[in-house]
Amino acid sequence: DSIIEYFYENKKFLNKLVLYFWGGDKEFINNWKKEKKYIVKNAAAIVTIIPQDYWDLKKYLKLKGKYFCARYNGEPTLKVMDKTVDIAEKDGAVINIQLGNSATETNNHLNILKTISKYKDENIKVYVPLSYGDMDYAKKVIMYGKEILGEKFIPIQQFMLFEEYCRFMSKMDVGIFDMKRQQAMGNIVALLQAGCKLYFNSESLLWDFFAKDLGCIVSDISQIYGMSINEFAQFTQKDILFNRARIRDKFSEDESIRAWKKIYDSF
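Read on for an overview of the structure. Only a predicted model underlies this, so the values are computations on that prediction, with no experimental measurement involved.

Attention now moves to the environment of tyrosine 72. On the secondary structure map, tyrosine 72 appears in the loop between β3 (66-69) and α4 (75-87). Between the C-alpha atoms of tyrosine 72 and glycine 150, which are 78 residues apart in sequence, the distance is 38 Å. If near-sequence neighbours (up to four positions away) are discounted, tyrosine 72 is found in contact with Tyr20, Trp22, Ile49, Met185, Gly186 and Ser256.

End to end, helix α6 (residues 135-149) covers 20 Å across 15 residues, agreeing with the expected 21 Å (1.5 Å per residue, within 8%). The set of residues buried in α6 consists of Tyr137, Ala138, Val141, Ile142, Gly145, Ile148 and Leu149. The arc that holds the buried residues of α6, viewed along the axis, is 150 degrees, so those residues lie on one side. Opposite the packed face of α6, turned more than 90 degrees from it, sit the exposed residues Asp136, Lys139, Met143 and Glu147. Looking at the buried positions of α6, the neighbouring elements they touch are α5 (109-116), β5 (124-129) and β6 (153-156). The N-cap of α6, judged by a side-chain oxygen 3.0 Å from the amide nitrogen of aspartate 136 a few residues on, is aspartate 134.

Before going further, it helps to examine the nonpolar core. Within the largest apolar cluster, 36 residues are counted, with the highest numbers of intra-cluster contacts made by Phe177, Ile188, Leu198, Phe200, Phe210 and Ile247. Counting residues per element, the ones that place at least two in this core are α4, α7 (162-170), α8 (185-193), β8 (197-200) and α9 (205-213). Among the nonpolar cores identified, the runner-up in size contains 27 residues, and Ile95, Ile97, Tyr137 and Ile221 belong to it.

Each strand in a sheet pairs with its neighbour through backbone hydrogen bonds, running either in the same direction (parallel) or in the opposite one (antiparallel). Strand order in this open sheet of six strands is β6-β5-β4-β7-β8-β9, and the pairing throughout is parallel. Each of the sheet's edge strands pairs with one partner strand only, and the pair in question is β6 and β9 (219-220). The sheet contact formed by strand β7 (residues 174-177) and β8 spans four bridges and is parallel. What sits directly across from isoleucine 176, in β8, is tyrosine 199. In this fold α7 packs onto β4 (95-99), β5 and β6, with an angle of close to 125 degrees to the strand it touches most, β4.

Conventions and cut-offs
Residues numbered from 1 in each chain as written. Predicted model: local features only at pLDDT ≥ 70, side-chain atom pairs only at ≥ 80, totals over all residues. Heavy atoms only, no water. Helix = DSSP H or I, 4+ residues; strand = E, 2+ residues; numbered from the N terminus. Contact = heavy atoms within 4.5 Å. Expected span 1.5 Å × (residues − 1). Buried < 20%, exposed > 50% of the residue type's maximum accessible area, 1.4 Å probe, protein only. Arc of directions from axis to C-beta. Polar contact = N/O pair within 3.5 Å; in protein donor to acceptor, adjacent residues only side chain to side chain. Core = buried A, V, L, I, M, F, W, Y, C linked by side-chain atoms within 4.5 Å. Pairing = 2+ DSSP bridges. Axes fitted to C-alpha atoms, helices over the stretch in contact; angles between N-to-C directions.

Here's what the structure looks like:
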């Protein structure tokens, strides 16, 4: 709000304003004040992490500035995941499942928990990161998860250090992300590097980006309804290596430098 207020009062500097959008902000575009719409519309440039976020913004506003797509450097995460994957000991008998990345309703936890409840008698453990976000919502998720999955539902309520969290993700077999907006990119990149089988909502921006733009091998959540537990968790070594190659190509340090250099060289 302070950024919007400043540039609305000092419009002469709009030709120096580059706005970098993450996933959540545009979700509330219908509630934006006229000042915010004016600033976004007239900024010198808009930068998004994935292309579809820009095109969604353009549906609502006649954007006048330049457009750039630039992601943060994923290489540090990939390097840590390389180390942790090498030493991780996955329990082949147990299917470890991660749901979402935070205590926000956009993760759609309750629907996913209901969907996978059919596997409650199988040898699974369901891990749900809930260490930040809406804590009242987190309580609701924990109550429902315990009710339908019992001890197989494991909420993650405390923050972990970065390397500890990477070790945690390296032990996952399946990840399910049912949000429709761009969210959880760091988790998703790390899980793909760890060889995890990922499920997305096929109507989401995440599906558009990872399945269509990057060509990663990912699955549609709607398929779970007709899957046996073996089909649900099955993921070949060939698929794992293919996804790793795609992620390394698009989230490398060189790729990040190239994208950001293009932005800086334009002004």
